Amino acid sequence: MSTPLVILHGWNSQINRWEPFKTQLVKAGYQIYLPALPQDLIRNTHDYSLWLKDYTKNFPNFCLLGHSFGGQIAVDFTAVNSQRVKKLILVNSAGIRNKLNFKRLIFKPVAKVSKWFFPDSLKRIFYRLINETDYFKASPVMKQTLKKVVAEDQQINLAKISCPTLIVWGQNDTLTPLSDGRLIHRLIPNSQLKVLENARHGLPFTHAPALASLVLNFIKQ
């Protein structure tokens, strides 16, 4: 029986969008687990890791794939539970937070002002302009969760990962830029980086066959 592969989706991802990718792995004979991340409580990244530990308690070891925020959780989990993760796949992973850019400098103060003085139509435009529509759409609980997880940097945890790791990145990703992928590759000693041309942050959906091929080749090794 093949080693289970657990997939952690990104923030607010729709599970059905993963079906083309998941189907190719199932056809290859792999057991695929794609749980919906819980949204019932305010959590930080490590809280999600504890949830994942409970979810996988019946798996002695498994392969773990994380996309975007799911990658951030996967990094935190693997750093603490390295003996349980046979192989790690990070796809356009979040978790690099050491950069101060213009968007981050203006986001908090303007967001506070918009909360009280902007109508919803203007709030939607503002959050779209700074690529923060996830925050606008989130429930009150998930707004608080988002504030926690976007402040957490995973670089120390990345350096603790020792299992074989495949890093897959979209060349044109603007949410988690390729420079983040290259940094992650440098921080994880036993890792390889694959860059997909003309792919953006949603590459598991737009480039499902290419991603499936990379993942299958990696976990078969």
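Our subject is the structure listed above.
Here goes a summary of the coordinates provided. This structure is a prediction, so every number in the text was calculated from the model and none was measured.

Let's shift gears to the nonpolar core. The nonpolar side chains of a soluble globular protein tend to be buried, and buried together. Grouped together as the largest cluster of nonpolar side chains are 32 residues, with contacts concentrated most on Leu8, Leu64, Leu88, Leu90, Leu158 and Ile184. Excluding residues within four positions of it along the chain, Leu8 makes contact with Leu37, Trp51, Leu52, Leu64, Leu65, Gly66, His67, Gly70, Ile73 and Ala74.

Pairs of packed helices are described in terms of their axes, by the angle between the two and the distance that separates them. Remark: helix H1 (residues 19-27) packs on helix H11 (residues 208-220), axes separated minimally by 9 Å, with the N-to-C direction vectors making an angle of 35°. You can see that H1 and H11 cross each other, and the crossing is right-handed. Along its contact with H1, which presents Pro20, Phe21, Gln24 and Leu25, the element H11 presents Ala208, Pro209, Leu211, Ala212, Val215 and Leu216. The class makeup of the residues in the contact of H1 with H11 is 9 nonpolar, 1 polar and no charged.

Moving on: the sheet that holds strand S3 (residues 62-67). Spatial ordering of the open sheet is given by S2-S1-S3-S4-S5-S6, a layout of 6 strands whose pairing is parallel. If you trace the sheet from one side to the other, it starts and ends with strand S2 (32-33) and strand S6 (191-196), each paired once. As paired elements, strand S4 (residues 85-91) and strand S5 (residues 165-170) share 4 bridges and run parallel to each other. Of the residues in S5, the one forming a bridge with Leu90 is Ile167.

Our focus in this paragraph is H11. With 13 residues, H11 extends 18 Å from end C-alpha to end C-alpha; this agrees with the ideal 18 Å at 1.5 Å per step. For H11, the full list of buried residues reads Ala208, Leu211, Ala212, Val215, Leu216, Phe218 and Ile219. Each buried residue of H11 sits inside an arc of 165° when the element is viewed along its axis, so together they form one side. Facing away from the buried side of H11 by more than 90 degrees, the exposed set consists of Pro209 and Lys220.

Cut-off values and rules
- Residues numbered from 1 in each chain as written.
- Predicted model: local features only at pLDDT ≥ 70, side-chain atom pairs only at ≥ 80, totals over all residues.
- Heavy atoms only, no water.
- Core = buried A, V, L, I, M, F, W, Y, C linked by side-chain atoms within 4.5 Å.
- Buried < 20%, exposed > 50% of the residue type's maximum accessible area, 1.4 Å probe, protein only.
- Contact = heavy atoms within 4.5 Å.
- Axes fitted to C-alpha atoms, helices over the stretch in contact; angles between N-to-C directions.
- Helix = DSSP H or I, 4+ residues; strand = E, 2+ residues; numbered from the N terminus.
- Left-handed = near helix turned anticlockwise from the far one by under 90°.
- Nonpolar A, V, L, I, M, F, W, Y, C, P; charged D, E, K, R; others polar.
- Pairing = 2+ DSSP bridges.
- Expected span 1.5 Å × (residues − 1).
- Arc of directions from axis to C-beta.

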